[in-house]
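Working through the structure, step by step
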Amino acid sequence: MDFNVKKLASGAGLFFTRAVQYTEEKLGQAEKTELDAHLENLMSRADCTKNWTEKIYRQTEVLLQPNPSARIEEFLYEKFDMKAPSRVTNAELLGLYMEGAAQEFGAATPYGSTLLKVGECEKRLGAVEKEFIQTSAISLLTPLRNFLEGDWRTISKERRLLENLRLDLDACKARLKKAKLAEAKTAVAPDLNETRPRNYVLSASASAVRSLVSTDKAEQDLRLAQTEFDRQAEVTRLLLEGISSTHINHLRCLHEFVEAQAAYYKHCHLHMQELQRDLGRLPDAFALNSLHSVVTPGSAAEDIGSPLEAEPLKIEEVQAPATGTRKAKVLYDYDAADSSELSLLADELITVYTVPGMDSDWLVGERGNQKGKVPVTYLELLS
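Residues numbered from 1 in each chain as written. Predicted model: local features only at pLDDT ≥ 70, side-chain atom pairs only at ≥ 80, totals over all residues. Heavy atoms only, no water.

- Looking at an unreviewed UniProt entry, the protein carries the name Endophilin-B1, with the source organism given as Nothobranchius furzeri.
- The Subunit (unreviewed entry) comment attached to the protein in UniProt states, word for word, "Homodimer, and heterodimer with SH3GLB1."
- Entered under Sequence similarities (unreviewed entry) in the UniProt record, the comment concerning the protein runs "Belongs to the endophilin family." (UniProt positions renumbered as here; feature names shortened; annotations may be inferred.)

Below is the structure:
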């Protein structure tokens, strides 16, 4: 019990001494030991690394999960060391709604069949997004969080210890300075408070001895404080120099994140291209509606027969008009669905033109001796 009381009293005294030293430094009444320039630069670099790493980490979380409520829920699961339930992405949820609507409207109708196709694509996009989130969390978020919660906490702890030891060192310097001043004053004049003249010499000798003992004790405390401060400064310096290794590790993680993001957008693009091709093969509901609005019973159009029953257009028999041909730049790769279509490569130039009776979403394209239908959405028409 006595030991605990003494330890508590010693700690309180040390805290009070540091508080006094810190206050006097702020008021300009005490000298402060300055760290060397190299250590100061390392500390500034470490603070900059911590601040920007924290911002990048928070914004990456927002990118991967824009919903703040979901982020808080995941944080709580992680703090309680519980496995978070699998969450359905927005794209997957949209796909489920579209498929449900298709069942209600009829999967055989043009609208229902299109809803099914788009819903399946949205579910695939959601699955790709989920994979991207998991990959990014492992490749980027986890290393950044490990630095903030691990390495940076260690660095901060050692820096606080270094600052406390510096306050102790400066307090020892101040005590030594006061002791030397008292010793010099005692050496010049005896203690005049002594009223009996015969004791002047004895009083002067006793004061000199007390001043000498006080000076020796202050010098011993200063040497010990300087040793502890130098040792802690070296430990802190080694930890701060490790920030360079942290930068290298984060650079590797950033490359992995970019690769994951590139793969994510590539897969999304491929899925959307496939969806466009699938939708292009579906019956044109707009053309059907236009046909029903024009053809009436007993009309001339009915006598001629439905265009849907007419012989399909044969691309090889189509002749390019004398005028009306244009150059077009291909925006994306396109794989022909059948022999009537022309496969395309991104950035190539082809000749295109329209023919009567062809859907407005398609043009006839020519590349040398090759000819076939091409979708307008894959082209940039040039003047």
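Additional details are given in the paragraphs that follow.
1. Re the overall build of the protein
- Regarding its fold elements, the protein presents nine helices and five strands.
- Listing each helix as α and each strand as β along the protein from the N terminus yields α-α-α-α-α-α-α-α-α-β-β-β-β-β.
- Across the 383 residues of the protein, 30% fall into the buried class.
- Summed over its atoms, the accessible surface of the protein is roughly 25400 Å², and 58% of this surface lies on carbon and sulfur atoms. (Helix = DSSP H or I, 4+ residues; strand = E, 2+ residues; numbered from the N terminus. Buried < 20%, exposed > 50% of the residue type's maximum accessible area, 1.4 Å probe, protein only. Areas by Shrake-Rupley, 256 points an atom, 1.4 Å probe, with all protein chains shown as cover.)

2. With respect to the environment of Gln 261
- Mapped onto the fold, Gln 261 is located in helix H7 (residues 243-281).
- As a C-alpha pair, Gln 261 and Glu 129 span 132 residues in sequence and 9.6 Å in three-dimensional space.

3. A look at the pattern of salt bridges
- A full pass over the atoms with the stated rule returns 15 salt bridges.
- Salt-bridge contacts for Arg 87 lead to Glu 73; the nearest nitrogen and oxygen are separated by 3.2 Å. Linking Arg 87 in the loop between helix H3 (68-79) and helix H4 (90-105) with Glu 73 in helix H3, this pair joins segments that are 14 residues apart in sequence.
- Put simply, Glu 99 and Lys 123 hold a salt bridge, and the shortest N to O gap is 3.4 Å. Separated by 24 residues along the polypeptide, Glu 99 in helix H4 and Lys 123 in helix H5 (residues 110-188) bring together distant segments of the chain.
- One connected set of salt bridges, linked through shared partners, spans Glu 163, Arg 166 and Asp 170. (Salt bridge = Lys/Arg side-chain N within 4 Å of Asp/Glu carboxyl O.)

4. A word on the environment of Glu 34
- Note that Glu 34 resides in the loop between helix H1 (2-26) and helix H2 (37-64).
- Taking relative accessible area as the criterion, Glu 34 reaches 57% and is therefore assigned exposed.

5. Focus: the sheet that holds strand E4 (residues 370-375)
- In spatial order, the strands read E4-E3-E2-E1-E5; together these five strands make up an open sheet with antiparallel pairing. Looking at which strands have only one partner, the edges of the open sheet turn out to be E4 and strand E5 (379-381). Pairwise comparison of adjacent strand axes, ignoring direction, gives a mean angle of 40° for this sheet.
- Pairing between strand E1 (residues 326-330) and E5: three bridges, direction antiparallel. Opposite Ala 328, over in E5, you have Leu 381 as the bridge partner. (Pairing = 2+ DSSP bridges. Axes fitted to C-alpha atoms, helices over the stretch in contact; angles between N-to-C directions.)

6. Describing a nonpolar patch on the surface
- A cluster of nonpolar side chains, namely Ile 72, Phe 75, Leu 76, Phe 80 and Met 82, defines an oily patch on the protein surface of about 550 Å² accessible area.
- As for its position among the elements, Met 82 is in the loop between H3 and H4. (Patch = residues over 30% accessible without salt bridge, like charges linked within 9 Å, V, L, I, M, F, W, Y side chains within 5 Å.)

7. Here we look at the packing of H2 against H7
- In the contact formed by H2 and H7, the axes pass within 12 Å of each other and the chain directions differ by 20°. By the criterion of interaxial angle, the relationship of H2 to H7 is roughly parallel. As for how H2 packs across H7, the hand of that crossing is left-handed. Contacts from Arg 45, Ala 46, Thr 49, Thr 53 and Leu 63 of H2 reach H7 at Ile 243, Ser 244, His 247, His 250, Phe 257 and Gln 261. (Parallel < 35°, antiparallel > 145°, perpendicular 65-115°, else oblique. Left-handed = near helix turned anticlockwise from the far one by under 90°. Contact = heavy atoms within 4.5 Å.)

8. Describing the nonpolar core
- Formed by 42 residues in total, the largest nonpolar core has its most connected members in Leu 35, Leu 39, Met 43, Phe 132, Leu 162, Phe 229 and Leu 240.
- When residues of this core are traced back to their parent elements, those giving at least two are H2, H4, H5, helix H6 (200-241) and H7.
- Ranked by residues supplied to this core, first place goes to H5 with 19 residues.
- When neighbours within four sequence positions are excluded, Leu 162 is seen to be in contact with Leu 35, Leu 39, Met 43, Phe 229, Gln 232, Ala 233 and Thr 236.
- Grouped together as the second largest cluster of nonpolar side chains are 16 residues, Leu 344, Tyr 353, Val 374 and Leu 379 included. (Core = buried A, V, L, I, M, F, W, Y, C linked by side-chain atoms within 4.5 Å.)

9. A few points about the UniProt feature "coiled-coil region" (unreviewed entry) in the protein
- Those residues carrying the UniProt feature "coiled-coil region" (unreviewed entry) are residues 155-182 in this numbering.
- Helix makes up 100% of residues 155-182 and strand 0%, and the two end C-alpha atoms of the span are 41 Å apart.

10. Some points on H3
- An ideal rise of 1.5 Å per residue puts 16 Å on twelve residues; H3 measures up with 16 Å between its terminal C-alpha atoms.
- Immediately downstream of H3, the backbone of Asp 81 shows phi near 55°, a positive value. (Expected span 1.5 Å × (residues − 1).)

11. Digging into the pairing of strand E3 (residues 362-367)
- Bridge count between strand E2 (residues 349-353) and E3: three bridges; the pairing is antiparallel. Paired with Thr 351 across the two strands is Glu 366, which belongs to E3.
- Hairpin geometry of E3 and E4 is characterised by an intervening segment of two residues between the two adjacent antiparallel strands and by a positive phi of about 65° at Gly 368.

12. Observations concerning the packing of aromatic side chains
- A complete count under the given rule lists seven aromatic pairs for this structure.
- Between Phe 105 and Tyr 111 the ring centres are 5.4 Å apart and the planes differ by 20°, which places this aromatic pair in the stacked class.
- Aromatic ring contacts, followed pair by pair, group Phe 132, Phe 257, Tyr 264 and Tyr 265 into a single cluster.
- The aromatic ring of Trp 52 is capped on one face by Lys 55, whose charged end is 4.4 Å from the ring centroid. (Phe/Tyr/Trp six-rings, centres within 6.5 Å; stacked < 30°, edge-to-face > 60°. Lys NZ or Arg CZ within 6 Å of the ring centre and 35° of its normal.)

13. Let's talk about the confidence of the model for the protein
- Confidence along the protein averages 81 in pLDDT terms, with 78% of residues attaining 70 or more.
- No element of the protein has a lower mean pLDDT than helix H9 (residues 300-304), which averages 43, and none a higher one than H2, which averages 95.
- This model gives residues 294-311 a pLDDT under 50, and the stretch forms eight contacts once residues within four places in sequence are excluded. (pLDDT = per-residue confidence, 0-100.)

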